[in-house]
Amino acid sequence: MFKVMIVDDEPAIREGLKTIIDWDRIGFEVVDAAANGREALQKFERIQPDLMIMDIRMPGMNGLEVIEQLRRNHSRTHVLILSGHADFEYARRALGYGVDGYLLKPVDEVEMEQELLRVHESLEQEQHRGEQRQQPVPAHELVEQMLLSSSGKEQERAQQALSLGWSSYQVLLLEYHASRGDHLDSWGTYLEQLHSWWNMEQRHIAFRAGSYIGILTGRPYGERELSELRDRLLDHSASSELWYAAAGSVVDELEHLHDSYAEALDLLEQRFWFGTNGIAWSVNKLYHNESEQVEQELLPSPQANEWADRLYYAVDIRSLEAAERVLSELMSVCHLAGLVERDTKSLSSHVLSLALSRLPGSVAGSGPAVQACLALIPELYSAPTAASMIDLMLRGLEELLQSINGVSHESVMKQMTDFIRRHYSDNLKLELLAEVFNYNSAYLGKMFKTYTGESFNHFLDGVRLDRAKELLAQGMKVHKVASMVGYANVDYFHSKFKKYTGISPSAYREQMGDGQQH
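Residues numbered from 1 in each chain as written. Predicted model: local features only at pLDDT ≥ 70, side-chain atom pairs only at ≥ 80, totals over all residues. Heavy atoms only, no water.

Participant: What exactly am I supposed to notice about the overall build of the protein chain here?
Facilitator: Broken down by element type, the protein chain carries 25 helices and ten strands. Residues counted as buried form 48% of the 518 residues belonging to the protein chain. Put simply, 69% of the contacts in the protein chain that link residues at least 6 apart link residues at least 24 apart. (Helix = DSSP H or I, 4+ residues; strand = E, 2+ residues; numbered from the N terminus. Buried < 20%, exposed > 50% of the residue type's maximum accessible area, 1.4 Å probe, protein only. Contact = heavy atoms within 4.5 Å.)

Okay, structure coming up:
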């Protein structure tokens, strides 16, 4: 049995972990627990646990400080990090200390057991090799020590032991998403697969980098080479697995390798914004003048109501293409506004929900189809990238459109005039309709005038004022009618109505009232 120490300032967590996991079955024994970092260090010397399960945020000395102290004392104890905060900076720092995994609270029992099985496998391998190594350290372990160790001396020894003498160096990082059942088996399989593809003479060393698979290469990788590597991995993967790859910049000295690793790590942590090819790479800093680099100003955060209106209009005209344009542009604006993955998913779900909630009121019988599409929202939160999230929403919208008689084949002008008659009370602009129908606004305006004989604004006023006449004839008050047909300003409505009919709205209402009495 391998020894485990649980370190967490919450008693419920310490006791809960002891009971929810079948430790004996996995091959571990919980020998002690600690309520804070200092207590953990005091007990460590006596217990010498093989694995520490540690909370990051604790009063006094936090989990990262404990790990740093352990690594400074050359301890190779395995560590699984627990945190209630999905903080990339903490995750990156933890990976830098060579931790074995990073789990979010509340702890998922299945996920925890998978991590424990993986650590148990590593411990068994270490046990078989023996704690006192007599044989040379494998190259991939030296790379891990050089990049992941917090000890400067250990990094320096690893660098000297490698003695590669390559003309250039670059770090690639690979991440894969698999079904729960395949994850543990696949990890070792793919690392072995990479080892079998290359050897030292081919200037490639595959290694483990925290939750990622790393490759140290002496052959510079750009977009084409990285795409070819990812495609090769996909060919050897199960259909349920997805691969993502990132490459740091090329450096000319082994001592600068950590810069390339840090860049690749930063890129992979932004995987959500990767394109459909699932790769990202860094241009070598040597080719940039730092004084010429300008920090990009972030855009304002997108407003859900505005984007929901645009998506609703696209669905209302039965255009999947228009919906795709709206969603793609929304993702671009979210990225440029600096939104993180969780906030982007939350906003997108809100936009979809708001847009579809308007549909049953304008399309009879669409309620069940709308509910089926809304049922996809929980799946959006598990989408690994923005592109895959758009694909998921579009699949739902496509089924929705098919269930409400499919995409319209009417002419664009017929669709546009019908659209205005349905939405006359909205704040309609020619520019908005040009986006929805994917036309240049000036060109669309000319087409519209040719088709209707009126300008867009004149046609919209006509639709609104005809409706206003109907409402006034029912005896409604002028200010309420103005608001209902899309005029925020009552005086502006008054002048428009008088110009259109020759009399004021109130006079028209009285006239129609007298007519109904006779």
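Participant: Quick question: what am I supposed to make of the sheet that holds strand 1 (residues 2–7) here?
Facilitator: Strands in a sheet are paired, the pairing made by backbone hydrogen bonds, and the direction either parallel or antiparallel. On the basis of which strands lie adjacent, the open sheet formed by five strands has the order 2-1-3-4-5 and parallel pairing. Each edge of the open sheet is held by one strand with a lone partner, namely strand 2 (28–34) and strand 5 (101–104). Geometrically, the sheet is characterised by an average inter-axis angle of 20° between neighbouring strands, direction not taken into account. Helix 1 (residues 11–20) rests against strand 1, strand 2, strand 3 (51–55) and strand 4 (78–83) of the sheet, and its axis sits at about 170° to strand 2. Together, strand 1, strand 2 and strand 3 form the strand contacts of helix 3 (residues 37–47), whose direction differs from that of strand 2 by roughly 140°. (Pairing = 2+ DSSP bridges. Axes fitted to C-alpha atoms, helices over the stretch in contact; angles between N-to-C directions.)

Participant: Explanation requested: the sheet that holds strand 6 (residues 170–177) in the structure shown.
Facilitator: Strand order in this open sheet of five strands is 7-8-6-9-10, and the pairing throughout is mixed. Each having just a single partner strand, strand 7 (204–209) and strand 10 (279–281) make up the two edges of the open sheet. Neighbour-to-neighbour, the strand axes of the sheet open up by a mean angle of 20°, direction not taken into account. In this structure, strand 6 lies alongside strand 9 (residues 242–247), joined through six bridges in antiparallel fashion. Residue leucine 172 lies in a different strand from strand 9, and its bridge partner there is alanine 247. Relative to strand 6, helix 11 (residues 257–268) is tilted by about 30°, and along the sheet it contacts strand 6, strand 7, strand 8 (212–217), strand 9 and strand 10.

Participant: What should I look at first to understand helix 6 (residues 109–129) in this one?
Facilitator: Along an α-helix, residues three or four apart share an orientation, since each turn contains 3.6 residues. For helix 6, built from 21 residues, the straight-helix expectation of 30 Å at 1.5 Å per residue is met to within 8% by its first-to-last C-alpha distance of 30 Å. Of the positions making up helix 6, those classed as buried are Met112, Glu113, Gln114, Glu115, Leu116, Arg118, Val119, His120, Ser122 and Leu123. Put simply, aspartate 108 is the residue that caps the front of helix 6, since its side-chain oxygen is 3.2 Å from the backbone nitrogen of valine 110. (Expected span 1.5 Å × (residues − 1). Polar contact = N/O pair within 3.5 Å; in protein donor to acceptor, adjacent residues only side chain to side chain.)

Participant: Please clarify how the packing of helix 12 (residues 304–316) against helix 19 (residues 412–423) should be interpreted in this entry.
Facilitator: The angle between the axes and the distance between the axes are what describe a pair of packed helices. One way to put it is that helix 12 packs onto helix 19 with a least axis distance of 11 Å and a crossing angle of 130°. Put simply, helix 12 runs oblique to helix 19. The element helix 12 and its partner helix 19 pack so that their crossing is right-handed. Contacts between helix 12 and helix 19 pair Tyr312, Tyr313 and Asp316 from the former with Phe419, Arg422 and His423 from the latter. Looking at the contact of helix 12 with helix 19 residue by residue, the class counts come to three nonpolar, one polar and two charged. (Parallel < 35°, antiparallel > 145°, perpendicular 65-115°, else oblique. Left-handed = near helix turned anticlockwise from the far one by under 90°. Nonpolar A, V, L, I, M, F, W, Y, C, P; charged D, E, K, R; others polar.)

Participant: Teacher, can you tell me more about the packing of aromatic side chains here?
Facilitator: Taken as a whole, this structure holds eleven aromatic pairs when the rule is applied. For the ring pair phenylalanine 497 and tyrosine 508, a centre distance of 5.5 Å and an interplane angle of 70° mean the geometry is edge-to-face. Taken together, the residues span a long stretch of sequence, with phenylalanine 497 in helix 24 (residues 490–501) and tyrosine 508 in helix 25 (residues 505–517) at a distance of eleven residues. Classification of phenylalanine 497 by relative accessible area gives buried; the value is 0%. Clustering of aromatic rings is evident, with ring pairs tying together Tyr487, Tyr492, Phe493, Phe497 and Tyr508. Over the ring of tryptophan 307 we find arginine 310; its NZ or CZ atom is 4.2 Å from the centre of that ring. (Phe/Tyr/Trp six-rings, centres within 6.5 Å; stacked < 30°, edge-to-face > 60°. Lys NZ or Arg CZ within 6 Å of the ring centre and 35° of its normal.)

Participant: So what exactly am I meant to see when it comes to the packing of helix 22 (residues 456–473) against helix 24 here?
Facilitator: Relative to each other, helix 22 and helix 24 sit at 90°, their axes nearing to 11 Å. On the basis of their axis angle, the class for helix 22 and helix 24 is roughly perpendicular. Along the contact surface, helix 22 presents Asp461, Gly462, Leu465, Asp466, Ala468, Lys469 and Leu472, while helix 24 presents Phe493, Lys496, Phe497, Tyr500 and Thr501. Residue composition of the contact of helix 22 with helix 24, grouped by class: six nonpolar, two polar and four charged.

Participant: I keep staring at the pattern of salt bridges and nothing clicks. Help me out?
Facilitator: Opposite charge on two side chains makes pairing possible when the charged atoms of those side chains draw close. In this structure the tally under the stated criterion is 20 salt bridges. One salt bridge in this structure joins lysine 43 and glutamate 39, with 3.0 Å as the shortest N-O distance. In this pair, lysine 43 and glutamate 39 are both assigned in helix 3, four residues apart and thus about one turn of the helix distant. Classification of lysine 43 by relative accessible area gives buried; the value is 18%. Residue arginine 310 pairs with glutamate 435 through a salt bridge whose shortest N-O separation is 2.4 Å. (Salt bridge = Lys/Arg side-chain N within 4 Å of Asp/Glu carboxyl O.)

Participant: For this particular structure, what's the right way to read the side chain of serine 348?
Facilitator: Considering the arrangement of structural elements, one finds serine 348 in helix 14 (residues 341–357). Exposure remark for serine 348: the relative accessible area of 1% places this residue in the buried category. A polar contact of 2.8 Å, which involves the side chain of serine 348, links it to the backbone oxygen of threonine 344. In this structure, serine 348 is in contact with Leu330, Met331, Met389 and Met393, ignoring residues within four places of it in sequence.

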